[in-house]
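Spelled out from the first residue to the last, the chains are:
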Amino acid sequence: MATFGTLSDRLTETFRNLRTKGKLSPADVDGTVREIRRALLDADVALTVVKDFTAKVRERALGDEVNRALNPAQQVVQIVNEELVAILGGQQRRLQFAKNPPTVIMLAGLQGSGKTTFAGKLARQLEKDGHTPLLVAADLQRPNAVNQLQVVAQQAGAAIYAPQPGNGVGDPVQVARDGVEQARRAQHDIVIIDTAGRLGVDAELMAQAADIRTATDPDEVLFVIDAMIGQDAVNTARAFQDGVDFTGVVLSKLDGDARGGAALSVASITGRPIIYASTGEGLDDLEAFHPDRMASRILDLGDILTLIEQAQQAFDEDEARKVADKLATEQFTLEDFLEQMQQMRKMGSMKKMLGMLPGMGQMKQQLEDFDEREIDRTEAIIRSMTPSERRNTKLLNGSRRLRIARGSGMTVTDVNQLVQRFDQAAKMMKTVARGGVPNIPGMGAMGKPGASSKRGKQQKKKGSRSGNPAKRAAENAGVAPAAEPTGSGFGLAGTKAPTASDLADLQKMLGNR
């Protein structure tokens, strides 16, 4: 995640230096712990949390579990991972629902922390899980807060109770109490109460939040905190714990570029679990918080489980089975590929998904350079084709490709590269679907011993044996193998400039067909 990017970089670099050592001395451990301490402090993690964390890591790293390990460096990484999970809360904690509906969820936090947006995100997620949430507009202090919640509720497709216009008008405690009664009458099983915040902690804010809690007796009180708030996050969390006594924490704005380490301190200092993490501005950008998965992301170990869960939500199993059957019977077409791309879009940002893979923290620049609009351009090309052209790419002669290029706003070269890449990918997928080993361009048949060396021997035999160096160089140049095509997955970026031969072939294709 962007918020913990710097911390992740520092820790990864520290562990990389350890891997060169076969055995760790006390000096090595002290140096590593010192670097971890600096990384955590630079990331704004609370000092008391840093001291406790590094003391536990040092004690365990100097113990027998590292001395007896076959790979001491990996054992230290494991220790840091386990201790990081501990300060993040240990086990995942889900929402607690009432035995007798409705379940009342009260939101608390400072102004600007993201309570109203989170209310919409939570309602959206609960709707997907089969619940019928009711949003209650009890923030009558902030200008247009009621109107904002109405807009968010409409986008989330959730019901809302907003009897007062807000902007300083109305009694928030009475609105919250009446909202719970309205939920009972209308048979909503969950009530989400959006309360007022302030720019800072004050007595009036705490008194109002405490009165709403007393009036509604909520099953959950979620403290929403901005992950970019800095060291003040600890003081704010303590103030709300004393004044309202929340039951869980929500980290918002984890997609920001601030250091964000103070947010990691909240669970450890308050003893309250982090339940949700908000990772973007969209209503679907909300994740259940898993301490072990977050620790893995920070240490650049990836988050494959979350990636799999998102894929399961986005992809239809019946459709996936049909695609597998088509691959096995060589019936996979550009129409099927378009459907697969559209399902991938449901998973969200490609950069975000790729960032969940292990080791991607070392490829930040490549991720930043990845242009997600390339998928849009690929989709535009396919949509410019007729259904028959999508099903059979052999119909795409010169005039058809020119028409497709103009219709999609791309070039004929882009269309050619897409078709070429699709044909190559389809062949590889067909081979895999049949249980075979794909033949990757430039690498030969994977897993076949001697395939690459055999090809190299054949090329070597074709070389010139002339004793004249100039003649030998000229003859070898004449038999040099053609370079494999370059470009991204389906050939819209990173392409080479066309050669004279390419242009001649293109002119022939466009002019004679």
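Everything that follows concerns the structure shown earlier in this document.
First, a word on scope: everything that follows refers to the structure included in this document. Only a predicted model underlies this, so the values are computations on that prediction, with no experimental measurement involved.

Time to look at helix α8 (residues 172–186). Because an α-helix completes one turn every 3.6 residues, residues spaced three or four positions apart along the sequence face the same direction. The terminal C-alpha atoms of α8 lie 21 Å apart, and with 15 residues this matches the ideal 21 Å at 1.5 Å per residue to within 8%. Its buried side turned inward, α8 meets β1 (103–108), β2 (133–137), β3 (159–161), β4 (190–194) and α9 (203–216). Here α8 starts with a cap whose side-chain oxygen sits 3.2 Å from the backbone nitrogen of Val 173, and that cap is Asp 171.

Ranked by size, the top nonpolar core spans 92 residues in total, and within it Phe 15, Phe 118, Ile 192, Ile 193 and Phe 240 carry the most contacts. Excluding its chain neighbours within four sequence positions, the residues that come into contact with Ile 192 are Ile 105, Leu 107, Ala 119, Leu 122, Ala 123, Leu 126, Pro 133, Leu 134, Leu 135 and Val 136. Among the nonpolar cores identified, the runner-up in size contains 19 residues, and Ile 381, Leu 396, Ile 404 and Leu 418 belong to it.

Okay, the packing of helix α2 (residues 26–42) against helix α3 (residues 47–61) next. Between α2 and α3, the shortest axis-to-axis distance is 10 Å and the interhelical angle comes to 160°. If you check the angle between α2 and α3, you find them roughly antiparallel. Considering how the two elements wind past one another, α2 and α3 form a crossing that is right-handed. Residues Val 29, Asp 30, Val 33, Ile 36, Arg 37, Leu 40 and Leu 41 of α2 touch α3, and the partners they reach there are Leu 47, Val 50, Phe 53, Thr 54, Val 57, Arg 58 and Ala 61. Of the residues assigned to the contact of α2 with α3, the class counts are ten nonpolar, one polar and three charged.

Glancing now at the side chain of Thr 54. By secondary structure assignment, the location of Thr 54 is in helix α3. Exposure remark for Thr 54: the relative accessible area of 4% places this residue in the buried category. Ignoring anything within four residues of it in the chain, the contact list for Thr 54 reads Val 33, Ile 36 and Arg 37.

About the cut-offs
Residues numbered from 1 in each chain as written. Predicted model: local features only at pLDDT ≥ 70, side-chain atom pairs only at ≥ 80, totals over all residues. Heavy atoms only, no water. Helix = DSSP H or I, 4+ residues; strand = E, 2+ residues; numbered from the N terminus. Expected span 1.5 Å × (residues − 1). Contact = heavy atoms within 4.5 Å. Polar contact = N/O pair within 3.5 Å; in protein donor to acceptor, adjacent residues only side chain to side chain. Core = buried A, V, L, I, M, F, W, Y, C linked by side-chain atoms within 4.5 Å. Buried < 20%, exposed > 50% of the residue type's maximum accessible area, 1.4 Å probe, protein only. Axes fitted to C-alpha atoms, helices over the stretch in contact; angles between N-to-C directions. Parallel < 35°, antiparallel > 145°, perpendicular 65-115°, else oblique. Left-handed = near helix turned anticlockwise from the far one by under 90°. Nonpolar A, V, L, I, M, F, W, Y, C, P; charged D, E, K, R; others polar.

Worth remembering: the numbers are spatial, not functional.
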